[in-house]
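A look at the structure
This is what each chain is made of:
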Amino acid sequence: MSEPAQSPKRTANRGRLLSALAGEALAPPPIWLMRQAGRYLPEYRTLREKAGGFLDLCYTPALAAEVTLQPVRRFGFDAAILFSDILVVPDALGQRVAFLEGEGPKLDPIRSGRDLERLDAKQTSTKFACVFETVARVRQDLDAEVALIGFCGAPWTVATYMVGGAGSADQADARAWAYRDRAGFQRLIDIVTDASLAYLDGQVRAGADALQIFDSWAGSLPDDEFERWVVAPTSRIVKELSSRHPSVPIIGFPRGAGANAGRYVEATGVQGLGCDTSVPLPEMRALASRGVAVQGNLDPLLLVAGGTGLETRVHEILSAMQGVPHVFNLGHGIVPQTPPENVARLVSRVRGEDG
Ligand code: CP3
């Protein structure tokens, strides 16, 4: 069902994001952006300076709630995404996690079955409780028709950071462990899967309306490994949460999955599929015919460049997704050098407004 471009707030009161994830093709589509809160916003940088460390910000509900709301206030997105991080899960499990200025995350690497003894699932609740409190505060402050998205990292992607001790281009340490000692690596994946389930379940209980599972490094695994470390744990999370909370849709974002994306949709049962920048638009449309809403997939660097290139591509994406359930988003997270005025322009273009 479509509706006039000038009344985006008048769909069913469950809101436009949830309607699209329930399979409705909306014109214009709902829009939010991965990593929509963050350093490209001056109001974030100001608050971030006062908060101390990045994890302190994640665990201080009043500040994290404020940062979650900043981009929604400024741009009028159809959804807010909880301000937290995928590495809150290893941190809450007791692994040392630090965010160093300009260097990205650094963790005390876990390299063997014996290192797993350093993790303690019983201690996650204190830190998770701070995040759940943020969710509750945000839900209270948001307009009813704006959805609140909770999230976690997929077990595979979180494990690549836990094993590598940092981000890496090829996730070699995690892949090597998975080949060398499948049972040991499976134990790590199970620990992360259980903790992620508790993390998402608490977010839903606190008021999250939808969830996204970020599998940023799904693309580094060949077929059988993709099945074992991406599809299987994600399926477990989706099935468990969907049985506890049937009305809460889940978006999977298996970045770089390529030809495995269709299989991922069928096996996991996600209601939404985040498509990365490399997915051709006809392929994205074809994926929607498998019964998911597709989300994406503007190149974040085109949002930096702006201009007519941006306008043309937005038009191409909107045209290609007409008539299928679509959520407008980027193909990966917004980057810090993005001019906020380009984001405002993107939102008005997607909504068919002038300016
Ligand atoms: O606005 C939002 O999207 C909500 C908050 C959010 C953050 N990280 C805040 C953040 C979300 C959803 C994430 C997801 C995340 N975190 C992913 C998956 C998505 C992706 O980009 O692939 C990953 C891999 C991480 C791990 C992570 N956190 C890295 C690699 C880094 C450093 C590099 C970077 O992008 O800054 C972070 C730090 C981080 N997470 C920041 C923010 C706003 C910047 C930290 C700061 O302000 O100093």
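A brief report on the enclosed structure follows.

What counts and what doesn't
Residues numbered from 1 in each chain as written. Predicted model: local features only at pLDDT ≥ 70, side-chain atom pairs only at ≥ 80, totals over all residues. Heavy atoms only, no water. 1 Å grid on protein atoms, 1.4 Å probe; cavity = no way out; pocket = protein on both sides within 12 Å on 5 of 7 lines; lining within 4 Å. Points joined across faces, edges and corners; volume = space filled by probe spheres on them. Nonpolar A, V, L, I, M, F, W, Y, C, P; charged D, E, K, R; others polar. Pairing = 2+ DSSP bridges. Helix = DSSP H or I, 4+ residues; strand = E, 2+ residues; numbered from the N terminus. Axes fitted to C-alpha atoms, helices over the stretch in contact; angles between N-to-C directions. Contact = heavy atoms within 4.5 Å. Near = heavy atom within 4 Å. Polar contact = N/O pair within 3.5 Å; in protein donor to acceptor, adjacent residues only side chain to side chain. Areas by Shrake-Rupley, 256 points an atom, 1.4 Å probe, with all protein chains shown as cover. Sits in = over half its atoms within 2 Å of the grid points. Salt bridge = Lys/Arg side-chain N within 4 Å of Asp/Glu carboxyl O. Buried < 20%, exposed > 50% of the residue type's maximum accessible area, 1.4 Å probe, protein only. Arc of directions from axis to C-beta. Phe/Tyr/Trp six-rings, centres within 6.5 Å; stacked < 30°, edge-to-face > 60°.

1. Some details on empty space enclosed by the protein
Inspection of the entire model under this criterion finds one cavity of 30 Å³ or more. Reported here for the largest cavity is a volume of approximately 50 Å³. Lining the largest cavity, in full, are Pro-254, Ala-257, Gly-258, Ala-261, Leu-273, Gly-274, Cys-275, Asp-276, Val-279 and Leu-287. Here the lining of the largest cavity is built from residues that sort into seven nonpolar, two polar and one charged.

2. Focus on the sheet that holds strand β1 (residues 79–81)
Strands in a sheet are paired, the pairing made by backbone hydrogen bonds, and the direction either parallel or antiparallel. Spatially, the seven strands line up as an open sheet ordered β1-β4-β5-β6-β7-β8-β9, and their pairing is parallel. Looking at strand neighbours, the two that pair on one side only are β1 and β9 (326–330), the edges of this open sheet. Sheet twist, expressed as the average angle between the axes of neighbouring strands with direction ignored, equals 25°. Bridge count for strand β8 (residues 293–298) against β9 is five bridges, and the pairing is parallel. Bridge pairing in β9 places Leu-298 opposite Leu-330. Here helix α9 (residues 182–206) sits on the sheet and contacts β4 (147–153) and β5 (210–215); the angle it forms with β4, its principal contact strand, is near 170°.

3. Describing the site of the ligand
Inspection of the region around the ligand gives 21 residues, with Arg-39, Tyr-44, Asp-85, Ser-216 and His-332 positioned closest. Between the ligand and Gln-36 there is a distance of 3.3 Å, counted from an oxygen atom to a backbone nitrogen or oxygen. The separation between an oxygen atom of the ligand and a polar side-chain atom of Ser-216 is 2.5 Å. Considering the ligand on its own, with 880 Å² of exposed area, one finds that the protein chains cover 88% of that surface. Taking a 2 Å distance to the grid points as the criterion, the majority of the atoms of the ligand fall inside the largest pocket. Looking at the shell around the ligand, the elements with two or more residues in it are α2 (42–51) and β3 (104–107). Of the residues belonging to the shell around the ligand, the class tally is 12 nonpolar, five polar and four charged.

4. Here's the deal with the pattern of salt bridges
Under the counting rule described, the total for this entry stands at 22 salt bridges. Across the pair Arg-313 and Glu-316 runs a salt bridge whose closest N-O atoms are separated by 2.8 Å. Residue Arg-313 and its partner Glu-316 are located together in helix α14 (residues 307–320), separated by three residues, close to a single helical turn.

5. Some remarks on helix α12 (residues 281–288)
Note: α-helices contain 3.6 residues per turn, so residues at a spacing of three or four share the same orientation. Buried within α12 are the following residues: Leu-281, Met-284, Leu-287 and Ala-288. Relative to the axis of α12, the buried residues are bounded by an arc of 115° and lie together on one face.

6. Observations regarding the environment of Trp-217
Its location among the elements puts Trp-217 in the loop between β5 and α10 (223–244). C-alpha of Trp-217 to C-alpha of Arg-175: the two residues are 42 residues apart in sequence and 11 Å apart in space.

7. A word on the packing of aromatic side chains
Following the criterion strictly, the structure yields 11 aromatic pairs and no others. When the ring of Tyr-44 is compared with that of Phe-83, the centres are 5.7 Å apart and the planes differ by 50°; the resulting orientation is tilted. Of the two residues, Tyr-44 is situated in helix α2 and Phe-83 in the loop between β1 and α5 (88–92); the sequence distance between them amounts to 39 residues. Overall, Phe-83 belongs to the buried group, its relative accessible area being 7%. Three or more aromatic residues joined by ring pairs form one cluster here, namely Tyr-44, Phe-54, Phe-83 and Phe-99.

8. Overview of the layout of surface pockets
Of the voids in this model, the largest pocket is the one considered here, and its volume is about 1300 Å³. The wall of the largest pocket is formed by 44 residues, among which Arg-35, Arg-39, Phe-54, Asp-85 and Phe-99 lie closest to the centre. Considering every element that reaches the lining of the largest pocket, the biggest residue donor is α2, with four residues. For the lining of the largest pocket, the per-class residue count stands at 23 nonpolar, 11 polar and 10 charged.

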